[in-house]
Amino acid sequence: MESTEITVRSGDRLVTDLTGELARFCAGRGDGLVNVFVPHATAGVALMETGSGSEPDLAGAIDRLLPQEDIYRHRHGSLGHGRDHVLPAFISPSISVPVLSGEPTLGTWQSLVLVDSNGDNSTRKVRFSFLEG
C-alpha cells in the first residue's frame, strides 16, 4: 500500500475541496482503491457537489442537526465545541474511492471535501492511501 499525508489549512471554512490533491495522489497509480482518512476527532470527509450553493446548504443542515450552542456535555474549547466532536459520527473521517487508470472515479458533480467545523484548530492532516487492484 502506498500512503502519504498532507497538511490542510481549513481556516474558518466548513468545507475545503480536496479533489485536486486526490487526483494528484492517484495520478499514475493504475487501478485500485484510494482511502482518504482524517485522523482528527472533529472532522470528516465527504463526496458532494461544490460551487453550486451546496456548501452553505451543508452548513445550514449541520447547524439544524447539531446546533452550535452550549448544550453538549463535551464542554472544553469555544462555545458549542461539543458539536465538533459529534460531527464525525455523521460525516465519516474516512472514505474510499475506486481508481481506474490512475484517476479517481468520481461522478460528474462529485468533489472530495474536508468538513471541519472546529474553528479552534484550523490545521488538519489528511492521509491518502492507495491499494493496488
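Residues numbered from 1 in each chain as written. Predicted model: local features only at pLDDT ≥ 70, side-chain atom pairs only at ≥ 80, totals over all residues. Heavy atoms only, no water.

The protein chain goes by Secondary thiamine-phosphate synthase enzyme YjbQ in an unreviewed UniProt entry, where it is assigned to Kineosporia mesophila. The Sequence similarities (unreviewed entry) comment attached to the protein chain in UniProt states, word for word, "Belongs to the UPF0047 family." (UniProt positions renumbered as here; feature names shortened; annotations may be inferred.)

**Let's talk about the overall build of the protein chain**
In terms of helices and strands, the protein chain carries three helices and eight strands. Traced from its N-terminal end to its C-terminal end, the protein chain shows the element sequence β-β-α-β-β-α-α-β-β-β-β. Expected size for 133 residues packed as a compact globule is a radius of gyration near 14 Å; at 15 Å, the protein chain falls within 12% of this value. Principal axes of the C-alpha set define a box for the protein chain whose edges measure 50 × 30 × 20 Å. Scored against the burial criterion, the 133 residues of the protein chain give a buried share of 40%. When contacts within the protein chain are restricted to residue pairs at least 6 apart in sequence, long-range pairs at least 24 apart make up 81% of them. For the protein chain, the computed accessible surface area is about 7,100 Å², with 52% contributed by carbon and sulfur atoms. Counting 11 positive and 17 negative side-chain charges, the protein chain places the averaged centre of each group 7 Å from the other. (Helix = DSSP H or I, 4+ residues; strand = E, 2+ residues; numbered from the N terminus. Rg over C-alpha atoms; globule rule 2.2 N^0.38 Å. Buried < 20%, exposed > 50% of the residue type's maximum accessible area, 1.4 Å probe, protein only. Contact = heavy atoms within 4.5 Å. Areas by Shrake-Rupley, 256 points an atom, 1.4 Å probe, with all protein chains shown as cover. Lys, Arg positive; Asp, Glu negative; His and termini not counted. Charge placed at Lys NZ, Arg CZ, Asp CG, Glu CD.)

**A word on the environment of Asp-31**
Mapped onto the elements of the fold, Asp-31 is located in the loop between helix 1 (19–26) and strand 3 (32–37). For the pair formed by Asp-31 and Gly-133, sequence separation is 102 residues and the distance between their alpha carbons is 5.5 Å. Excluding its chain neighbours within four sequence positions, the residues that come into contact with Asp-31 are Val-99, Leu-100, Ser-101, Phe-130, Leu-131, Glu-132 and Gly-133. Among the polar contacts made by the side chain of Asp-31, one reaches the main-chain amide nitrogen of Ser-101 at a distance of 2.6 Å. (Polar contact = N/O pair within 3.5 Å; in protein donor to acceptor, adjacent residues only side chain to side chain.)

**Some points on unusual backbone geometry**
Here the phi dihedral of Ser-101 falls at roughly 50°; this positive angle occurs in a residue that is not glycine. As for its placement among the helices and strands, Ser-101 is situated in the loop between strand 5 (94–100) and strand 6 (103–104).

**Here's the deal with the sheet that holds strand 1 (residues 2–9)**
The five strands lie next to each other as 1-8-3-5-6, forming an open sheet whose pairing is antiparallel. Of all the strands in the sheet, just strand 1 and strand 6 have a single pairing partner and so form its edges. Where strand 3 lies against strand 8 (residues 123–132), six bridges are found, and the strand directions are antiparallel. Note that in strand 8 the partner of Leu-33 across the bridge is Leu-131. Against the sheet, helix 1 engages strand 1, strand 3, strand 5, strand 6 and strand 8, with an angle of about 35° to strand 8. (Pairing = 2+ DSSP bridges. Axes fitted to C-alpha atoms, helices over the stretch in contact; angles between N-to-C directions.)

**Considering the pattern of salt bridges**
Tallied over the entire structure, the rule returns five salt bridges. One salt bridge connects Arg-83 with Asp-84, and the closest N-O pair in it is separated by 3.9 Å. The class of Arg-83 is buried, set by a relative accessible area of 6%. For Asp-84, a relative accessible area of 2% translates into the label buried. (Salt bridge = Lys/Arg side-chain N within 4 Å of Asp/Glu carboxyl O.)

**Some words on a nonpolar patch on the surface**
Nonpolar side chains collect at one region of the surface, where Met-1, Leu-33 and Leu-131 lie side by side and expose about 350 Å² of accessible area between them. Among the secondary structure elements, Leu-33 is positioned in strand 3. (Patch = residues over 30% accessible without salt bridge, like charges linked within 9 Å, V, L, I, M, F, W, Y side chains within 5 Å.)

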